[in-house]
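Structure at a glance
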Amino acid sequence: MRDQAYLDWPFFEPRHRKLAHDLEAWARHHLTAHLEPDTDQACRRLVRLLGAGGWTRYAVGGPAYGGMREQIDTRAVCLIREALAYHQGLADFAFAMQGLGSGAISLHGSPEQKARYLGPVARGESIAAFALSEPEAGSDVGALCTEARAEGQNYILNGQKTWISNGGIADFYVVFARAPGSQGTKGISAFVVEAGTPGLEVAERIEVIAPHPLATLRFNHCRVPAHQRLGEEGQGFKIAMQTLDIFRTSVAAAALGFARRALDEALYRATTRALFGQTLADFQLTQARLADMAVKVDAAALLTYRAAWLRDQGQRVTQEAAMAKLTATEYAQQVVDGAVQLWGGLGVTRGQVVESLYREIRALRIYEGASEVQQLIIARELLKHFKETQTVKGGIGDGV
Ligand SMILES: Cc1cc2nc3c(=O)[nH]c(=O)nc-3n(C[C@H](O)[C@H](O)[C@H](O)COP(=O)(O)OP(=O)(O)OC[C@H]3O[C@@H](n4cnc5c(N)ncnc54)[C@H](O)[C@@H]3O)c2cc1C
């Protein structure tokens, strides 16, 4: 039985504890260790399953449109991602993308856009995707060059997006593109482009170490009606960042789920593997490793749920979310690696849980802001705050 004692922490309300207990029982029953070999098929099935279970409702804002609450409940989203990642990486991916792919609509959609797209996403009947990155614009979002040229009641999109999760199976894409001649983060707008729109083509499917649907998209004179624009013209960068702000903390939660599973697998193996006349867990070197893993799991959990709780209090969490993502993903990588080491040769054998965790965790240190980007965000916020609060003479640095 998974230890959920952390649910007693003060970050949570009774509804979160109930959600976590219910989801745990559901996941044990519905998420099998072995998936069908066709990842697209597996992902579609998981989205439907998560929808039928009522979980994807948490990924969407607004009860009028199928969402669980008016504002997306960050703690609920984090608890869900943590539990799904613990049981099955692809289920976490399927849930997360429903949120990331529709987040801009929850935040900035018109009532008509919300009515058309959010309900089916919340019910797991429609698959969403978020198309920001380009071959020459990953960390440097302001370098994106997909163009949206206004023409009468339409925009004409030309360009390329890459690393697009759910690319190839999504029913719609939230696409970020810039006005001709605009530069940097200015002049970018967001559009909902439905799969099958003439001029939108899945140019290439990308295979990654932990199989997920992923693709490069090409826009070739793709005509998108003006009413498919989200928010105001030129607000696209802000919309993208606000969407990422909700879900960045949840990437930390997914990493935490992988790390908790790795720690449990490590404890199991250490206490059952006999060698040199005792068990692996009887060696102090093993105990030191296990202690280090447990500290990292708790540190990641505290930072993750602090950021989620603060956001649910209506606070800006740029720094806290960056701290959570940086710590949880970097630590999870180390915890998973520790578990693989304890499993020995079996740890690198295809089909073992720790082997799949080793592949699952890697991309989380890169996407939705690489670790270095999170460090820069934390330092920027820290310096800004210091400069704002240390203006009075007689403070720090004046000597004794
Ligand atoms: C599995 C997966 C799924 C993804 N899904 C999506 C999606 O659904 N939608 C979407 O739009 N994008 C998606 N992405 C793209 C992802 O957001 C980018 O890969 C990420 O932003 C990094 O961009 P890049 O790959 O171009 O690397 P680059 O921007 O070239 O960065 C390479 C490396 O440089 C380092 N670095 C970056 N900035 C700095 C800096 N300022 N100082 C020092 N070092 C730095 C980091 O270590 C980084 O990993 C996905 C990526 C992956 C791997």
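Criteria and cut-off values
- Residues numbered from 1 in each chain as written.
- Predicted model: local features only at pLDDT ≥ 70, side-chain atom pairs only at ≥ 80, totals over all residues.
- Heavy atoms only, no water.
- Near = heavy atom within 4 Å.
- Polar contact = N/O pair within 3.5 Å; in protein donor to acceptor, adjacent residues only side chain to side chain.
- Areas by Shrake-Rupley, 256 points an atom, 1.4 Å probe, with all protein chains shown as cover.
- Helix = DSSP H or I, 4+ residues; strand = E, 2+ residues; numbered from the N terminus.
- Nonpolar A, V, L, I, M, F, W, Y, C, P; charged D, E, K, R; others polar.
- Expected span 1.5 Å × (residues − 1).
- Buried < 20%, exposed > 50% of the residue type's maximum accessible area, 1.4 Å probe, protein only.
- Arc of directions from axis to C-beta.
- Contact = heavy atoms within 4.5 Å.
- Salt bridge = Lys/Arg side-chain N within 4 Å of Asp/Glu carboxyl O.

1. Remarks on the site of the ligand
Near the ligand there are 17 residues, and of these Phe 130, Ser 133, Ser 139, Trp 163 and Glu 372 occur at the shortest range. Side-chain polar atom of Ser 139 to an oxygen atom of the ligand: 2.7 Å apart, as the coordinates give it. A distance of 2.8 Å separates a nitrogen atom of the ligand from a polar atom in the side chain of Ser 165. Protein contact buries 66% of the 970 Å² of open area that the ligand shows by itself. Residue assignment for the shell around the ligand shows that the elements contributing at least two residues are β3 (154-165) and α10 (371-389). Partitioning the shell around the ligand into residue classes produces 11 nonpolar, 4 polar and 2 charged.

2. Here's the deal with α10
In this model α10 runs 27 Å from its N-terminal to its C-terminal C-alpha over 19 residues, within 8% of the 27 Å that 1.5 Å per residue would give. Residues Ser 371, Gln 374, Ile 377, Ile 378 and Glu 381 constitute the buried set of α10. Looking straight down α10, one finds its buried side chains confined to an arc of 120°; they lie on one side. Pointing more than 90 degrees away from the buried face of α10 are the exposed residues Glu 372, Leu 376 and Lys 387. Of the surrounding secondary structure, the elements contacted by the buried residues of α10 are α6 (236-272) and α8 (318-343).

3. Considerations on the pattern of salt bridges
Scanning the entire structure with this criterion turns up 25 salt bridges. Here Arg 316 and Glu 381 are joined by a salt bridge, their closest N and O atoms 3.2 Å apart. One end of the pair, Arg 316, is in the loop between α7 (284-312) and α8; the other, Glu 381, is in helix α10, with 65 residues separating them in the sequence. Given a relative accessible area of 54%, Arg 316 falls into the exposed group. A single salt-bridge network, built from bridges that share partners, covers Arg 2, Glu 24, Arg 28, Glu 82 and Arg 260.

Remember, this is a structural readout, not a statement about activity or role.
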